[in-house]
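# Results of the structural survey
The residues making up each chain are set out below.
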Amino acid sequence: MKPINDRFRSSYFLELFLSVFSGALIGLIVVLFFKALDLIAHFQKDMNQHFFSIHLILLPVVLIVLHLVKKKTLYFPVKIFELSEHRQNEAQFWNSAMMPLHFLGTLLSHLSGASVGREGAVVMMAAGLVRLFKTSWQFWGPIFAAAGFASAVGPFWIAPVFLAEVFQGRLKQQIYALLSAQMASIIMQLLSVPHLLSPLELDNKMSFSQKMIFVLLISFLGGSMMRYYKKYLLKWSEYFSHRSFYLRLGTSLVLAAILAVPLFQKYQSLSLYEIEQVMHQSTEWYDSMLKLGITLLSLSIGFLGGDFVPLLFSSLSLGSVVSRWLSVDVAFGTLAASYLLFAGATRLRWTSYLLTLHLVGFGWWFWGYVSVSLVMRFAGQQSLYKRAY
């Protein structure tokens, strides 16, 4: 029989190894996932040059496939709130194939043109490591999920913050999540997979009054948008879940017809190229609302994927428009608003705040906190991440 110290040491090194190994695996999954999404974005850009975007024919086909998969397989979570404490005891019954199902299902959703995100899918795939490794959800589930979120969003150090806000995890879990996320980040850097947004050195020349007006206006608009977005995501998802599948199928045909219109083509899938245009100050006042509306419809009828990137696109668009309205620095205002809708939708105050400072610098520390706090207040108490809305 091993001495107690030896058993403790063995257990400690096993946990460290699992943290690092899981991070490497998460990094490889994200690399493959993001590269596949880039190929899909290129394909859709080419298809949209034609008279009819032929890939939109796949919208009803993919919805049928996802519907049949859900009927023929064991339960597996598709929303981040399903990973919360209310379902922790069910983790042992999740479908063991939830990782490939999320991987392929989300790629098919994007290929068809549905407006969904990618970060939520990465969190789900990372959480699926619990089934792969046959580990305890209560301890390892939040670690894997937080590492997945950090690897998809950007800075690895956001993992323990995300874990603390969503899962109220212990310090030991936060340390392991940090190690896992850092390993995932190293893998992504080695394989040259960039994140969507990178910090920029911007000279914020806004006066005190300009900052105050900008923060008040964008917080009110963003918070109000998120209040209605969450409300109708709840209502529509509930409505479609209790109606015939043929209604969802018919709605997917309507969605395909909408996205085929040249004005709406830029709202397909992740809108990656449109995010680049927003960063170059090319956006319209209605972009935020239309993107949110199409995302709302896509998620409500059952396409797989999260809403992080659609929220990011809408935030950047809103920041650009409000900056131009107030005649302030558009580049800075766009980035300063980047995570506000995410804050309103999820109520992850510190995650959103620190991600914002990561982009625009610590000089925005006061107004960044005020804007995140205000948008959460205007958006209401519901959270898309922390409980079943």
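Please read these numbers as outputs of a predicted model, since none were measured by experiment. Per-chain numbering applies: the sequence of each chain, read as written, is numbered from 1 onward. The predicted nature of this model means local features are confined to residues of pLDDT at least 70 and side-chain atom pairs, given and counted, to a pLDDT of 80 or more, with totals for whole chains, interfaces and linings taken over all residues. The side-chain figures draw on all heavy atoms in the structure; neither hydrogens nor water molecules are used.

Looking now at the overall build of the protein. Secondary structure is summarised from DSSP: a helix means a run of H or I of at least four residues, a strand means a run of E of at least two, and numbering begins at the N terminus for each. Per the secondary structure count, the protein includes 17 helices and zero strands. Scaling as 2.2 N^0.38, a compact globule of 389 residues should have a C-alpha radius of gyration of about 21 Å, and the protein matches this with 21 Å. Here the C-alpha coordinates of the protein stretch approximately 70 × 55 × 40 Å along the principal axes. Residue contacts are defined here by distance: any two heavy atoms, one from each residue, within 4.5 Å place the two residues in contact. Looking at the protein alone, contacts between residues at least 24 apart form 77% of all its contacts between residues at least 6 apart. Residue burial considers only the protein chains on display, and all accessible areas are found by Shrake-Rupley using a 1.4 Å probe. Carbon and sulfur atoms provide 65% of the accessible area of the protein, an area that totals close to 17,300 Å². It is over C-alpha atoms that the radius of gyration is taken, and the globule rule equals 2.2 Å times the number of residues to the power 0.38.

To continue, consider a nonpolar patch on the surface. Like-charged residues within 9 Å of one another, or nonpolar side chains (Val, Leu, Ile, Met, Phe, Trp, Tyr) within 5 Å, are grouped into patches, provided each residue has over 30% relative accessible area and no salt bridge. Any carboxyl oxygen of Asp or Glu that lies within 4 Å of a side-chain nitrogen of Lys or Arg is treated as forming a salt bridge with it. Taken together, the side chains of V20, L171, I175 and L179 make up a nonpolar region of the molecular surface, amounting to roughly 330 Å² of accessible area. Counting residues per element, the nonpolar patch draws most heavily on helix 8 (residues 171–190), at three residues. Looking at the secondary structure, you find L171 in helix 8. When accessible area is computed with a 1.4 Å probe and restricted to protein chains, residues below 20% of their type maximum are described as buried, those above 50% as exposed, and intermediate ones as partly exposed. Classification of L171 by relative accessible area gives exposed; the value is 60%.

This part takes up the nonpolar core. For soluble globular proteins, the rule of thumb is that nonpolar side chains tend to be buried together. Membership of the largest hydrophobic core comes to 120 residues, with the highest contact counts inside it found for F303 and W364. Discounting chain neighbours no more than four positions away, the residues touching F303 are L59, V62, L63, L66, S109, S112, A114, V116, L255 and S298. The criterion is simple. A nonpolar core is a set of buried Ala, Val, Leu, Ile, Met, Phe, Trp, Tyr and Cys residues joined through side-chain atoms within 4.5 Å.

Helix span, expected: 1.5 Å multiplied by one less than the number of residues in the helix. Taking 1.5 Å per residue as the helical rise, helix 6 (residues 137–153) with its 17 residues ought to reach 24 Å, and the 23 Å between its terminal C-alpha atoms agrees with that figure. Just downstream of helix 6 lies G154, where phi reads positive at about 150°.

Where the model shows low pLDDT, its predicted coordinates should not be examined in detail. Think of pLDDT as the predictor's per-residue confidence, scored from 0 to 100. When pLDDT is averaged across the protein, the result is 89; 91% of the residues are at 70 or more. Of all the helices and strands in the protein, helix 11 (residues 272–279) carries the lowest mean pLDDT, 65, while helix 17 (residues 365–379) carries the highest, 97.

Below, the discussion takes up the pattern of salt bridges. Applying the stated criterion across every chain yields a total of three salt bridges. Ionic pairing is found between E15 and K172, a salt bridge with its closest N-O pair at 3.0 Å. Here E15, found in helix 1 (residues 4–47), pairs with K172, found in helix 8; they are 157 residues apart in sequence, far enough to count as distant. E15 sits in the buried class, given a relative accessible area of 15%. For K172, a relative accessible area of 36% puts it in the partly exposed group. In this structure, D287 engages K266 in a salt bridge whose closest nitrogen and oxygen atoms are separated by 2.9 Å. With a gap of 21 residues between them, D287 in helix 12 (residues 287–300) and K266 in the loop between helix 10 (245–260) and helix 11 connect regions that are remote in the sequence. Accessibility expressed as a relative area gives 2% for D287, which makes it buried.

Turning our attention to the side chain of S315. If you trace the backbone, S315 turns up in helix 13 (residues 308–326). Residue S315 is classed as buried on the basis of its relative accessible area of 1%. One polar contact links the side chain of S315 to the main-chain carbonyl oxygen of S338, over a distance of 3.4 Å. For S315, the residues in contact, after removing those within four places along its chain, are A337, S338, Y339, L340, L341 and F342. In the analysis that follows, any N or O atom pair within 3.5 Å is treated as a polar contact, provided that within protein one partner can donate a hydrogen and the other can accept it, and provided that, for residues neighboring in sequence, both atoms belong to side chains.

Following both chains from N to C, one finds helix 7 (residues 159–167) and helix 16 (residues 349–360) inclined at 155°, their axes separated by 8 Å at the closest point. Taken together, the axes of helix 7 and helix 16 lie roughly antiparallel to each other. Between helix 7 and helix 16, the residues in contact are V161, F162 and E165 and R349, W350, T351 and L354, respectively. Lines fitted to C-alpha atoms define the axes, with helix axes restricted to the stretch in contact, and inter-axis angles between N-to-C directions lie between 0 and 180 degrees. Under this scheme an angle from 65 to 115 degrees is roughly perpendicular, one under 35 degrees roughly parallel, and one over 145 degrees roughly antiparallel; angles in between are oblique.

What follows is about the packing of aromatic side chains. The pairing test for Phe, Tyr and Trp rings, Trp by its six-membered ring, is centres within 6.5 Å, and the orientation test on the planes gives stacked under 30 degrees, edge-to-face over 60, and tilted for anything in between. In this structure the tally under the stated criterion is 35 aromatic pairs. With centroids separated by 6.2 Å and ring planes inclined at 55°, the aromatic side chains of F264 and Y267 adopt a geometry described as tilted. On the accessibility criterion, Y267 (0% relative accessible area) is buried. One aromatic cluster is present, formed by W94, W137, F149, F162, F167, F308, Y339, F342 and Y385 through successive ring pairs. Should the NZ of a Lys or the CZ of an Arg lie within 6 Å of a ring centre and within 35 degrees of the ring normal, that charge is described as sitting over the ring. Across from the ring centre of F34, 3.8 Å away, lies the NZ or CZ of R118, which sits over that ring. The ring of F313 has K291 lying over it, and the distance from NZ or CZ to the ring centre is 5.8 Å.

Its location among the elements puts A114 in the loop between helix 3 (98–112) and helix 4 (119–127). For the pair formed by A114 and S252, sequence separation is 138 residues and the distance between their alpha carbons is 9.0 Å.

Right, let's talk about helix 12 for a bit. Note that an α-helix has 3.6 residues per turn; residues three or four places apart therefore point the same way. For helix 12, with 14 residues, the first-to-last C-alpha span of 20 Å sits near the 20 Å given by 1.5 Å per residue. Summarising burial for helix 12: 11 of the 14 residues are buried, a large majority. Residues D287, S288, K291, L292, I294, T295, L296, L297, S298, L299 and S300 constitute the buried set of helix 12. If you follow the buried residues of helix 12, they end up packed against helix 9 (208–241), helix 10, helix 13 and helix 15 (340–346).

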